[in-house]
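Architecture at a glance
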Amino acid sequence: MEPAKSPYYSDGELLEKYRHEHHNGWLGILLDRYLHLIFGVCLKYLKNEEDAKDAAQQICLEVLKTLPRHQVVYFKSWLYQVAKNHCLMELRQSGKMHLLPLSAENEPESVAERDKKTELMEMEIKETHLHQAMEQLNDAQRICVALFYLQNKTYKSVSAETGFSMLQVKSYIQNGKRNLKTIIQRMEEEEQYPHETKKS
Amino acid sequence: MAKSISSIFEESGCLSEKQLTDYLNGRMNESEMHSLEAHIAGCDFCNEALEGLMQVENKEEIPVIIKQIHNQVRRDLKAHRARRKKVKMYVWLSFLVIIILIILLVAFLAEYYAIK
Ligand SMILES: [Zn+2]
């Protein structure tokens with residue numbers, strides 16, 4: 001079947017078709033799905049519309065060249081990593097690395113690591129663990145997470161209610177969620193291997 | 001009103017271009033805003049994309065820019081395919097030339113020994 005006239009396929013199905021039929025049209029559909037996200041990420045790092053447009057195009061070319069050589073399972077997370085690494089490389093080459101805040105987040109990350117994270121996200125979580133973990137968050141994170149997830153508020157109303165700025169609210173929720181995940185993982189590991197964790 | 005807290009780790013699909021531009025242009029109601037924000041709290045790709053797209057001065061222009069990149073990428077994909085076809089043709093041509101050379105060589109040798 002011609003890619004252009006196809007019904008809706010998942011990323012995995014498109015990837016599979018691309019591998020079997022060697023037809024760039026399938027990859028075109030996949031890239032179209034994420035083009036706006038690629039451009040957005042480029043803009044975040046490069047801070048200039050024209051540079052971001054060029055970079056987005058180059059990233060697509062890079063995908064076209066490197067995808068056949070990689071065993072990609074989660075196309076989306078792989079693509080994000082390719083895009084981010086491309087931008088970091090470009091900043092490094094042009095000596096503009098100082099535009100970035102220093103953090104581990106801004107180091108290129110391997111795809112294996114990323115896949116591991118995706119896997120962890122899919123695990124099932126016990127409700128009791130979640131409540132215990134909530135108590136371990138700091139006040140700002142706990143309040144924002146609770147208002148946002150339990151009362152379905154928007155960032156804007158959480159910000160109005162707490163007095164934090166929108167950006168603060170956003171990062172408290174993101175970090176709160178990330179911390180919750182780590183705390184819960186630790187709890188589950190301790191439950192599974194109680195002796196090993198006691199020793200260390 | 002209070003829902004189960006385990007919805008924190010529920011995953012939803014990535015944001016469409018329309019969702020992102022609607023959000024940035026303030027064309028969403030509270031519950032749409034909430035579900036978009038819940039997604040970006042767990043998705044680095046969409047979160048960073050949103051941060052980037054915020055920097056576009058005229059937000060209504062975002063779809064136009066994406067369309068331009070789309071057209072360019074389509075051209076790249078076509079060119080890449082055409083190049084692969086060209087490579088195949090060269091392989092085939094050189095194969096043909098070698099065959100002709102071998103036939104000529106055999107003919108020449110046959111003639112040579114026949115005269116002898
Ligand atoms: Zn996403």
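Just above, that's the structure.
This text gives an overview of the structure that appears in the document. Bear in mind that the values here come from a model prediction, so they are computed numbers and not experimental data. As a convention, each chain's residues are numbered from 1 in the sequence order in which they are written. Going through the entries in the order they are written, you letter the chains from A and number the ligands from 1. Side-chain atom pairs in this predicted model are given and counted only at pLDDT of 80 or more, local residue features only at pLDDT of at least 70, and totals for whole chains, interfaces and linings cover all residues. Only hydrogens and water are removed before side-chain values are computed, so all heavy atoms of the structure are retained for them.

Another aspect to go through is the pattern of salt bridges. A side chain of one charge can pair with a side chain of the opposite charge when the charged atoms of the two come close. Salt bridge criterion: a side-chain nitrogen from Lys or Arg within 4 Å of a carboxyl oxygen from Asp or Glu. For the coordinates displayed, the defined rule picks out eleven salt bridges over all chains. Among the ionic pairs, Arg178 of chain A bridges to Asp44 of chain B, the shortest N-O distance being 3.9 Å. Taken together, the residues Arg178 of chain A in helix H9 (residues 166-192) and Asp44 of chain B in helix H3 (residues 44-53) connect one chain to another. What makes Arg178 of chain A partly exposed here is its relative accessible area of 36%. Accessibility here uses a 1.4 Å probe with only protein chains present; expressed as a share of the type maximum, an area under 20% marks a residue as buried, one over 50% as exposed, and anything in between as partly exposed. Residue classification places Asp44 of chain B among the partly exposed residues on the basis of a relative accessible area of 22%. Of the charged contacts in the structure, one is a salt bridge between Lys18 of chain B and Asp22 of chain B, with a shortest N-O distance of 2.7 Å. Of this pair, Lys18 of chain B and Asp22 of chain B both sit in helix H1 (residues 17-24), four residues apart, which is roughly one turn of that helix. Here the salt bridges share partners, and the residues they tie into one network are Lys18, Asp22, Arg27 and Glu60 of chain B. Helix and strand definitions follow DSSP, with helices as H or I runs of at least four residues and strands as E runs of at least two, each counted in order from the N terminus.

All of the protein donors around the zinc ion are Cys14 of chain B (SG), His39 of chain B (NE2), Cys43 of chain B (SG) and Cys46 of chain B (SG); their distances to the metal are 2.0 to 2.3 Å. Ligating atoms shown are N, O and S within 2.8 Å of the metal, or 3.2 Å for Na, K and Ca, and water is not included, meaning a site may look less than complete. In these descriptions, tetrahedral denotes four donors with every angle between 85 and 135 degrees, square planar four donors and octahedral six donors with opposite donors over 155 degrees apart and the rest between 65 and 115, and irregular any other case. In this structure, the zinc ion is coordinated by four donor atoms arranged in tetrahedral fashion, with angles at the metal of 101 to 117°.

All we've got here are geometric facts, nothing functional implied.
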